[in-house]
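Analysis of the macromolecular model
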Amino acid sequence: VMKDRNSVLLLVLAFSCAWACAARAVADQWGISVNGRDVTSLARPRTSGNGIFVDIKALAPKLRLVVEVCPDQVIVRAADGAVWTGRETGMVMHGPNEDLILSAPLLGIGDAIYLEVEAAGRLSGLAVRRRPAEQHAELVADSSRPAHARADTVAVTKPPRAFRIPKTAAEIDGKIE
């Protein structure tokens, strides 16, 4: 009887820990929307420091982008015809009239290409509005400047910084979709 009781307690403890970890993962996840539509499942957002990173390859149709991953570069075609190129782990996206200086590198994990949400907004011509209290970032039409307005060089956010994006359990186990 004592052995069964210990097994039950151990099982309850294991489920409690799993539930707490799952609740924390959900609590740490930011929601992402594009022009009022929730795209969190497509964006697969991850955070590191104060950065929010989204999978621009999966999110591309919603951002009106075409993302192509080549062996030596990532090519992003914007709706306005601009073609941006960059390298995985690179800190710059080269455009037709300007370079977009990234505050965190372009990062490939499995099939995903992660880019900080502000850079994704800049490439797609959308403004990014963060609502930290709600853990939500929205990309919306930027009416303050025309999509074709360009500067010589644009810094997306603060100067480059070190960061880490932890792998999910599925990525560690090699079960990436």
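Scroll up to find the structure.
Residues numbered from 1 in each chain as written. Predicted model: local features only at pLDDT ≥ 70, side-chain atom pairs only at ≥ 80, totals over all residues. Heavy atoms only, no water.

1. Description of the overall build of the protein chain
Counting its secondary structure elements, the protein chain contains five helices and 14 strands. Within the protein chain, buried positions represent 36% of all 177 residues. Intrachain contacts of the protein chain at a sequence separation of at least 6 include 47% that bridge at least 24 residues. Put simply, the protein chain shows about 10700 Å² of open surface, and 57% of that area lies on carbon and sulfur atoms. (Helix = DSSP H or I, 4+ residues; strand = E, 2+ residues; numbered from the N terminus. Buried < 20%, exposed > 50% of the residue type's maximum accessible area, 1.4 Å probe, protein only. Contact = heavy atoms within 4.5 Å. Areas by Shrake-Rupley, 256 points an atom, 1.4 Å probe, with all protein chains shown as cover.)

2. With respect to the sheet that holds strand β3 (residues 46-48)
Taken in spatial order, the four strands line up as β3-β4-β11-β10 in an open sheet, and their pairing is antiparallel. Edge strands, defined here as strands with exactly one partner in the open sheet, are β3 and β10 (107-109). Averaged over all adjacent pairs, the angle separating strand axes in this sheet is 35 degrees, with direction ignored. For β3 and strand β4 (residues 51-55), the ladder comprises three bridges, and the chain directions are antiparallel. Within the sheet, the bridge partner assigned to S48 lies in β4 and is G51. Seen against the sheet, helix α3 (residues 56-63) touches β4 and β11 (112-116) and runs at an angle of roughly 80 degrees to β4. Here helix α4 (residues 117-124) sits on the sheet in contact with β4 and β11, set at roughly 95 degrees to β11. (Pairing = 2+ DSSP bridges. Axes fitted to C-alpha atoms, helices over the stretch in contact; angles between N-to-C directions.)

3. Quick word on the pattern of salt bridges
Within the structure shown, the criterion is met by six salt bridges. Notably, a salt bridge pairs R122 with E98, separated by 2.9 Å at the nearest N-O pair. With R122 in helix α4 and E98 in the loop between β8 (92-94) and β9 (99-101), the pair connects residues that are 24 residues apart, well separated along the chain. Each of the two residues, R122 as well as E98, counts as buried. R131 is the partner of E134 in a salt bridge, and the nearest nitrogen-oxygen pair spans 2.8 Å. In this structure R131 comes out as partly exposed when scored by relative accessible area, which is 29%. Here the residues in one salt-bridge network are R131, E134 and E138, joined through shared partners. (Salt bridge = Lys/Arg side-chain N within 4 Å of Asp/Glu carboxyl O.)

Nothing here speaks to function; it is geometry throughout.
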